[in-house]
Number of protein chains: 2
Amino acid sequence: MELISTADIDAAAPRVAELAVRTPLLPCPWAEGELWLKPENLQPVGAFKVRGAANALALLPEEARRAGVVTHSSGNHGQALAYAARAHGVGCVVVCPENAPEVKVAAMRSFDAEVVPVPPAERARRAAEIAAERGMASVPPFDHRDVIAGQGTVGAEIVADLPDVDTVLVPVGGGGLAAGVATAVKARRPGAAVIGVEPELAADAAESLAKGRLVAWPTEQTQRTIADGVRVGPSALTFAHLRERLDGIVTVGEEEIAAAMGVLARAARVVAEPSGALTTAAYLAGRTPGGRTVAVVSGGNAAPDLLARAIAGEV
Amino acid sequence: MELISTADIDAAAPRVAELAVRTPLLPCPWAEGELWLKPENLQPVGAFKVRGAANALALLPEEARRAGVVTHSSGNHGQALAYAARAHGVGCVVVCPENAPEVKVAAMRSFDAEVVPVPPAERARRAAEIAAERGMASVPPFDHRDVIAGQGTVGAEIVADLPDVDTVLVPVGGGGLAAGVATAVKARRPGAAVIGVEPELAADAAESLAKGRLVAWPTEQTQRTIADGVRVGPSALTFAHLRERLDGIVTVGEEEIAAAMGVLARAARVVAEPSGALTTAAYLAGRTPGGRTVAVVSGGNAAPDLLARAIAGEV
């Protein structure tokens, strides 16, 4: 299987720049050691996903793009694709697990997407059906080279802003962000460690890496974590990147995730959703290699009641 | 009275860059019209104040800087000066109103500052005494040309990132930020409107502009607003800038401020303290000129309980 290259990521950068914010690194004087945040929660849709969606949509042939796009997503990729499609003036359908957070579904609709709720396990199949029925191009949330290359711009920016970075922490769900970031960082700074972070309750990528083969966890099992953005597991494509380029995966517990959400809001003034707080949780737990560390805060679309309780320390 | 110039702000930029984050503009697809945020809450001390402190400290003669610095502050400037002083390896004393938020006082101490609590009305006098007694340079929170020039880099960055900006909204307390931003923006884009925002409960600058002379409000009166960062009024120096360069001041109510804190956290994933939410509150209330608008989110050091209630919509 051919992996994406840093050239793919370099080529994606100007396409990504048309729709995404160039996020800065935020130093964290409140933390022990040397920590910076990469606040992708500040993207216009509240997550890094706008990068991959922007790149994939820009790379569609003009005629295909005009027919509109379809995807399946627990929320952030759906928002991102809807945002990018609206910017290009084309239609967008998002097949969405019926238990996705209301805040994310409402945002997809606010960008004019047609939302189709289905049981979580059926979402990939239903998206494929709609693509066939309506002649729409499918832009999956992570199992796509152009999407991975777009997400990789996060890693390229990290090394550009902090050339002597030692450790980069990145959440792992479908693995598109981790695959792209590991590709960019390891090519530019081979000595840096790129470490994935998963919830203990959805540690399918960690188990897969340990066994050297893709191990899928049942949907019912991964649904238990509050980190709804990483309940899915890697695809063959993203796993191939993780095996080759990721230095390891660590896991965090549910209470650690919620506590990290509170710390990020109170000390870093950054709103993170649970998936976005995974990397900070791992850092605060002392489970990461150390040195000059960047934690990618992947998204900020938190349910308001959970966010309020996390800030008050009540979770 | 000689006002600062854009040359002062340009000269400040590299000194500011040593300690401050280059904050991006954040587009707000969730808002009506065209709104961007300038998120100064993301600075390492949680507020724009690090810019002025960095510039003033860098401009002190080496010998004076070694003796340490003293200031009076309700919190954010104190944190900023402590942060800058620690970076330069010199001592810092902060005279602080005894009702300042605990979160801000704790942060000052975390940067090794010596904190001296006093009744609010006595803080300027006590800071001057300490400067005289200990031979320390005084770096006031706003009544200082180098501080104003440092804050002005916010305005220079706004125009650099959005050259066709129509309206810039900036909170007004002591007036240092508004003076600096108005200087930078009006010089680069004379057609843009720079509008100050104050709480109705601390609208001393608005009254002063209306009357054409500096009108001080009693401390007991301005203490009523939750926007603790803007309870002070302009000095003769900052007021001279505001008269000459600001296009107007609008005011917002306490409920509007708290509601804007909630919107910023939920929709923009940005933690703002009450003073930092003033500009968004004015925009959402429709009280600003319109067009392509940038709202400066000046700081994010919110008391956790207030922040949690604002997010939950309980304020």
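Residues numbered from 1 in each chain as written. Chains lettered and ligands numbered in written order. Predicted model: local features only at pLDDT ≥ 70, side-chain atom pairs only at ≥ 80, totals over all residues. Heavy atoms only, no water.

Quick notes on the interface of chain A and chain B
Opposite the 30 residues of chain A that make contact, chain B presents 30 residues. Buried area between chain A and chain B, both sides added, is near 2200 Å², and the carbon and sulfur share of it is 70%. A per-residue breakdown of the area chain A buries against chain B is headed by A:Pro29, A:Leu42 and A:Arg269, which together make up 32% of the total. The interface formed by chain A and chain B contains zero salt bridges. In the side of chain A that touches chain B, the residues fall into 20 nonpolar, six polar and four charged. (Contact = heavy atoms within 4.5 Å. Buried area = accessible area lost by both parts, 1.4 Å probe. Salt bridge = Lys/Arg side-chain N within 4 Å of Asp/Glu carboxyl O. Nonpolar A, V, L, I, M, F, W, Y, C, P; charged D, E, K, R; others polar.)

Digging into the side chain of A:Asn76
Residues and elements named next belong to chain A. Tracing the chain through its elements places Asn76 in helix α4 (residues 76–88). Judged by relative accessible area, Asn76 falls into the buried class, the value being 9%. The contact partners of Asn76, leaving out residues within four places of it in the chain, are Ala47, Lys49, Lys104, Glu273 and Asn301. (Helix = DSSP H or I, 4+ residues; strand = E, 2+ residues; numbered from the N terminus. Buried < 20%, exposed > 50% of the residue type's maximum accessible area, 1.4 Å probe, protein only.)

Here we look at the sheet that holds strand β3 (residues 69–72) of chain B
Residue and element names in this part refer to chain B. Within the open sheet, the four strands sit side by side as β5-β4-β3-β6. Their pairing is parallel. Bordering the open sheet on either side are β5 (114–118) and β6 (137–138), each of which pairs with just one other strand. Inspection of the sheet shows strand β4 (residues 92–97) paired to β5 by five bridges, in the parallel sense. Paired with Cys96 across the two strands is Pro117, which belongs to β5. (Pairing = 2+ DSSP bridges.)

Let's talk about the environment of B:Asp143
All names here are of chain B. Note that Asp143 resides in the loop between β6 and α7 (145–161). Ignoring anything within four residues of it in the chain, the contact list for Asp143 reads Ser235 and Leu237. Within the local environment of Asp143, its side chain forms a polar contact with the side chain of Ser235, the two groups lying 2.8 Å apart. (Polar contact = N/O pair within 3.5 Å; in protein donor to acceptor, adjacent residues only side chain to side chain.)

A closer look at the relation of the copies chain A and chain B
Each copy superposes on the other: chain A lies on chain B with an RMSD of 0.0 Å after a rotation of 180° and an axial shift of 0.0 Å. Viewed as a symmetry operation, the transformation between the two copies matches a two-fold axis. Residue A:Ala308 of chain A places its C-alpha closer to the rotation axis than any other residue of that unit, at 2.2 Å. The share of interface residues of chain A whose copies in chain B are also at the interface is 100%, consistent with both copies meeting through the same surface. (Least-squares fit on C-alpha atoms with pLDDT ≥ 70 in both.)

Overview of the pattern of salt bridges
Residues and elements named next belong to chain A. Following the criterion strictly, the structure yields 40 salt bridges over all chains and no others. One salt bridge connects Arg51 with Glu157, and the closest N-O pair in it is separated by 2.9 Å. Of this pair, Arg51 sits in helix α2 (residues 49–59) while Glu157 sits in helix α7 (residues 145–161), placing them 106 residues apart in sequence. By the burial criterion, Arg51 is buried, and Glu157 matches it.

Some details on the packing of aromatic side chains
Residues and elements named next belong to chain A. Considering all chains together, one arrives at two aromatic pairs over all chains under this definition. Arranged with centres 5.3 Å apart and planes meeting at 70°, the rings of Tyr83 and Phe111 form a pair that is edge-to-face. With a gap of 28 residues between them, Tyr83 in helix α4 and Phe111 in the loop between α5 (102–110) and β5 (114–118) connect regions that are remote in the sequence. Across this residue pair, the class does not change: Tyr83 and Phe111 are buried. (Phe/Tyr/Trp six-rings, centres within 6.5 Å; stacked < 30°, edge-to-face > 60°.)

Keep in mind these numbers describe shape, not what the thing actually does.
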